[in-house]
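Observations on the three-dimensional arrangement
Read off the chains here:
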Amino acid sequence: MGEKRELPRYRVLTGPDDETFCRRVSEALDLGYELHGSPSVTFDGQRVIVAQAVVRRPE
């Protein structure tokens, strides 16, 4: 059986503001992460880009 991979306690998720990004944030929440602060939003000239920090409490 493989070694259990420990998840990082802090992550910043980034990407275009679309369904895929929302699913990535939702998956992190399902893994026990919590939102940390407000999302950051910018425009790269073609699309909206979002960043959201998430944290996971130590077990």
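The preceding data block contains the structure.
The following refers to the structure shown. The residue count restarts for each chain, going from 1 along the sequence in the order it is written. Local features in this predicted model are restricted to residues of pLDDT 70 or higher, and side-chain atom pairs are both shown and tallied only at a pLDDT of 80 or more, whereas totals for entire chains, interfaces and linings draw on every residue. Values reported for side chains reflect all heavy atoms of the structure, with hydrogen atoms and water molecules removed beforehand.

**Examining the pairing of strand E2 (residues 34-43)**
Whether two strands pair comes down to DSSP finding at least two bridges between them. The secondary structure listing takes helices from DSSP runs of H or I that are at least 4 residues long and strands from runs of E that are at least 2 residues long, numbered from the N terminus. Note that E2 and strand E3 (residues 48-55) share seven bridges and pair antiparallel. Among the inter-strand pairings, Thr42 is bridged to a residue of E3, identified as Ile49. Taking the residues that link successive antiparallel strands as the turn, the E2-E3 hairpin has four residues, and the phi of Gly45 there is positive, at about 100°.

**A few points about the environment of Arg11**
Along the chain, Arg11 falls in strand E1 (residues 10-16). In what follows, residue pairs with any heavy atoms lying within 4.5 Å of each other are defined as contacts. Setting aside anything within four residues of it in sequence, one finds Arg11 in contact with Ala28, Tyr33, Gln52, Ala53 and Val54.

**As for the pattern of salt bridges**
The salt bridge criterion pairs a side-chain nitrogen of Lys or Arg with a carboxyl oxygen of Asp or Glu, the two atoms within 4 Å. On inspection of all chains with the given rule, the structure shows three salt bridges. A salt bridge links Arg23 to Glu19; the nearest nitrogen and oxygen atoms lie 2.5 Å apart. Highlighted residues: Arg23 and Glu19, both in helix H1 (residues 19-30), separated by four residues, approximately one helical turn. Burial classes follow relative accessibility: with a 1.4 Å probe on protein chains only, a residue under 20% of its type's maximum area counts as buried, one over 50% as exposed, and anything between as partly exposed. Residue class for Glu19 comes out exposed when judged on its relative accessible area of 51%. Note that Arg57 and Glu34 form a salt bridge whose closest N and O atoms lie 3.3 Å from each other. Residue Arg57 is found in the segment after E3, and its partner Glu34 is found in strand E2; the two are separated by 23 residues along the sequence. Assessed through its relative accessible area of 37%, Glu34 is described here as partly exposed.

**Notes on the sheet that holds E2**
Spatial strand order, E1-E3-E2: three strands in an open sheet with antiparallel pairing. Of all the strands in the sheet, the pair left with one neighbour each is E1 and E2. Each strand of the sheet is rotated relative to its neighbour by a mean of 15°, with strand direction disregarded. Axes here mean lines fitted to C-alpha atoms, for a helix over just the part in contact, with angles spanning 0 to 180 degrees between N-to-C directions. Contacting E1, E2 and E3, H1 runs over the sheet at an angle of about 160° to E1.

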